[in-house]
Amino acid sequence: MAKNEILILSDTHGRDDLIEKVKGLVRPHLIIFCGDGLRDFDSGTYLSPLYAVRGNCDWSYIPHMGDVEDQLTLNADGVKLFVTHGHRYGVKHGLGTIIAQAVRENADAVIFGHTHEPLDIFLSPENAENNFGISLNKPLHLFNPGSLGYSPHSFGTLTIKDGVPLFGHGQIKI
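Presented here is a report on the structure given in the accompanying data block. (Residues numbered from 1 in each chain as written. Predicted model: local features only at pLDDT ≥ 70, side-chain atom pairs only at ≥ 80, totals over all residues. Heavy atoms only, no water.)

Things to note about the nonpolar core
- In terms of nonpolar packing, the biggest core is built from 17 residues, with Ile 8, Ile 32, Leu 81 and Ile 111 touching the most fellow members.
- Contributing elements (two or more residues each) for this core: β1 (6–9), β2 (30–33), β6 (71–76), β7 (79–84), β8 (109–111) and β11 (154–161).
- For this core, the leading source of residues is β7, giving three residues. (Core = buried A, V, L, I, M, F, W, Y, C linked by side-chain atoms within 4.5 Å. Buried < 20%, exposed > 50% of the residue type's maximum accessible area, 1.4 Å probe, protein only. Helix = DSSP H or I, 4+ residues; strand = E, 2+ residues; numbered from the N terminus.)

Below, the structure written as structure tokens:
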């Protein structure tokens, strides 16, 4: 992993042991958590700064985190990231609603979980219009790290190189 890499996790569902295992593989400068397992971070022992959103299986208040919102936007090295769990945007039934919200947020990338399936889609303005009927004024990246808690126990990484987000997936073998 590059020194400036971001670790993206979602849907740990009680598998804090796998969080520890993935932390043994990577040394990110930042962790983004897309929900459903906030309590797995309850100890607060992670070394990297953590940005987290609440999933449909999470409480809104976690003792050492305080109130956790449904979504957030981050600026990472000039790239605007829209982060949410995805359940409020119906991502199990299609991506149009979450794409429309990302456009409203003027995001360069949307990072979400909920489906438990890894996803990495780059949308140009042309293919967004053709495939989703949504107009984009700039490219948009859609990324889901999958579920760390359920097989295939996947996670995501993000490196920003010259203002371009470079996403990747990894898996933990158990």
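Once the structure has been displayed, the description carries forward.
Overview of the packing of aromatic side chains
- Taken as a whole, this structure holds three aromatic pairs when the rule is applied.
- Relative to Tyr 89, the ring of Phe 82 has its centre 6.0 Å away and its plane inclined at 80 degrees; by these criteria the two rings are edge-to-face.
- Owing to a relative accessible area of 0%, Phe 82 belongs among the buried residues under this scheme. (Phe/Tyr/Trp six-rings, centres within 6.5 Å; stacked < 30°, edge-to-face > 60°.)

Description of the pattern of salt bridges
- Taken as a whole and assessed by the stated rule, the structure comprises five salt bridges.
- A salt bridge links Glu 20 to Lys 23, with the nearest nitrogen and oxygen atoms 3.1 Å apart. Remark: Lys 23 and Glu 20 occur in helix α1 (residues 16–25); sequence separation between them is three residues, near one turn of the helix.
- You can call Glu 20 partly exposed: its relative accessible area is 43%.
- Its salt-bridge partner being Asp 108, residue Lys 138 comes within 2.9 Å of it at the nearest N-O pair. With Lys 138 in the loop between α3 (125–132) and β10 (140–144) and Asp 108 in the loop between α2 (96–104) and β8, this residue pair connects regions lying 30 residues apart in the sequence.
- Under the relative-accessibility criterion, Lys 138 is labelled partly exposed at 23%. (Salt bridge = Lys/Arg side-chain N within 4 Å of Asp/Glu carboxyl O.)

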